[in-house]
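Residues per chain are reported as follows:
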Amino acid sequence: MSDAKTTPDASRRDFLRHGGLALAGTAFAGIAMAQQERSNIAVGHGASAASGAATGAAAHKHLMQKMVPGATDDQGHYVLPPLPYGYDALEPHIDAQTMRLHHDKHHQGYVDGLIKAEEKLQEAMNTGDYSLVEYWTNEASFNGAGHFLHCIFWDSMGPNGGGGPSGALSEAMRRDFGSEMNGLKLFAHASASVEGSGWGILGYQIAANKLVVLQARNHQLLSQWAIIPLLCVDVWEHAYYLKYQNKRKDYIDAFMNVVNWDSVGQRYNLLMGKEGAAQGM
Ligand code: MN3
């Protein structure tokens, strides 16, 4: 009696899972190395380390530019990234006035809030007065999650968007959701049904090596942790109310018409070690 039956499908699945794990391992080793190198810059370990550090810093910058585009400047300070297209580029799906207010005012507010929270936490360490640490770590979570998700959000859209995923991401969606359509529908329904303000997120869960769909409430609540967002849609009213009022589902349908799947797919490829990593390192 055979204790294991190997079908062609099972082999392929195993290959994809194990192959994927190995590749992801490579990408994360790259991230860890880049971070290590970056910390070498900070402590200044002489010429040889400094030369390695320069390479590592460039690699780190390349990774972050794709995973959380424009979140920091060259010095690592949080900044509001410029929109990668004009305010009116997503018309008629998302109107220019909404984009202008959303990007220039709302997103800027999260950047400012994150910077302030980190200053206050530094102040607590400097003075030894930790009495407000609960407040300021909460502020860092709220504003930090807001800043990073908005960076990914802008980059997830474009004037020539729409359609669906291709390449490795498409393959992963079929593997993890049964079909691309299943994954897209789950994403749209999860996004539409967020209670109050929040986000719909398609992400890659490091711990399980698979794609997951989650909601975020506000920016920072309901996370599974260990998830890397690939595509996210802002469902705060400030993202759609001027044009869509209370019709959030219509806004999400419109959003799907402006998704820049090339950009979303690049994030997935980078995590899988298939693209970008070699080019930038
Ligand atoms: Mn927003």
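These numbers come from a predicted model, not from an experiment.

Draft legend 1. Examining the sheet that holds strand S3 (residues 227-234) more closely. Strand order in the open sheet formed by 3 strands is S2-S1-S3, with antiparallel pairing between adjacent strands. Both edges of this open sheet fall to strand S2 (210-217) and S3, since each of them pairs with a single strand only. Each strand axis lies, on average, 25 degrees off the axis of its neighbour in the sheet, ignoring direction. Of the strand pairs in this sheet, strand S1 (residues 198-205) and S3 are connected by 7 bridges, and their pairing is antiparallel. Note on S3: the bridge partner recorded for Trp 199 is Asp 234. Packed onto the sheet, helix H5 (residues 167-177) meets S1, S2 and S3 and runs at close to 80 degrees relative to S2. Seen against the sheet, helix H9 (residues 261-271) touches S1, S2 and S3 and runs at an angle of roughly 170 degrees to S3.

Draft legend 2. Local environment of the pattern of salt bridges. The full count for this structure, using the stated rule, is 5 salt bridges. With a closest N to O distance of 4.0 Å, Glu 123 and Lys 120 form a salt bridge. Here the residue Glu 123 and the residue Lys 120 both occupy positions in helix H3 (residues 96-127), the gap between them amounting to 3 residues, near one helical turn. We classify Glu 123 as partly exposed; its relative accessible area is 42%. Judged by its relative accessible area of 27%, Lys 120 is partly exposed. Close ionic contact of Asp 176 with Arg 175 constitutes a salt bridge, the shortest N to O distance being 2.9 Å.

Draft legend 3. Representation of the packing of H5 against H9 within the structure. The N-to-C vectors of H5 and H9 enclose an angle of 75 degrees; their axes lie 8 Å apart at closest approach. Classified by the angle their axes make, H5 and H9 are roughly perpendicular. Across the interface between the two elements, Ala 168, Leu 169, Ala 172 and Arg 175 of H5 pack against Trp 261, Val 264, Gly 265, Tyr 268 and Asn 269 of H9. Here the contact of H5 with H9 is composed, by residue class, of 6 nonpolar, 2 polar and 1 charged.

Draft legend 4. Highlighting the side chain of Ser 191. One can find Ser 191 in helix H6 (residues 180-192). In contact with Ser 191, not counting residues within four places along its chain, are Gly 200, Val 233, Val 235, Arg 248 and Ile 252.

Thresholds applied
- Residues numbered from 1 in each chain as written.
- Predicted model: local features only at pLDDT ≥ 70, side-chain atom pairs only at ≥ 80, totals over all residues.
- Heavy atoms only, no water.
- Pairing = 2+ DSSP bridges.
- Helix = DSSP H or I, 4+ residues; strand = E, 2+ residues; numbered from the N terminus.
- Axes fitted to C-alpha atoms, helices over the stretch in contact; angles between N-to-C directions.
- Contact = heavy atoms within 4.5 Å.
- Salt bridge = Lys/Arg side-chain N within 4 Å of Asp/Glu carboxyl O.
- Buried < 20%, exposed > 50% of the residue type's maximum accessible area, 1.4 Å probe, protein only.
- Parallel < 35°, antiparallel > 145°, perpendicular 65-115°, else oblique.
- Nonpolar A, V, L, I, M, F, W, Y, C, P; charged D, E, K, R; others polar.

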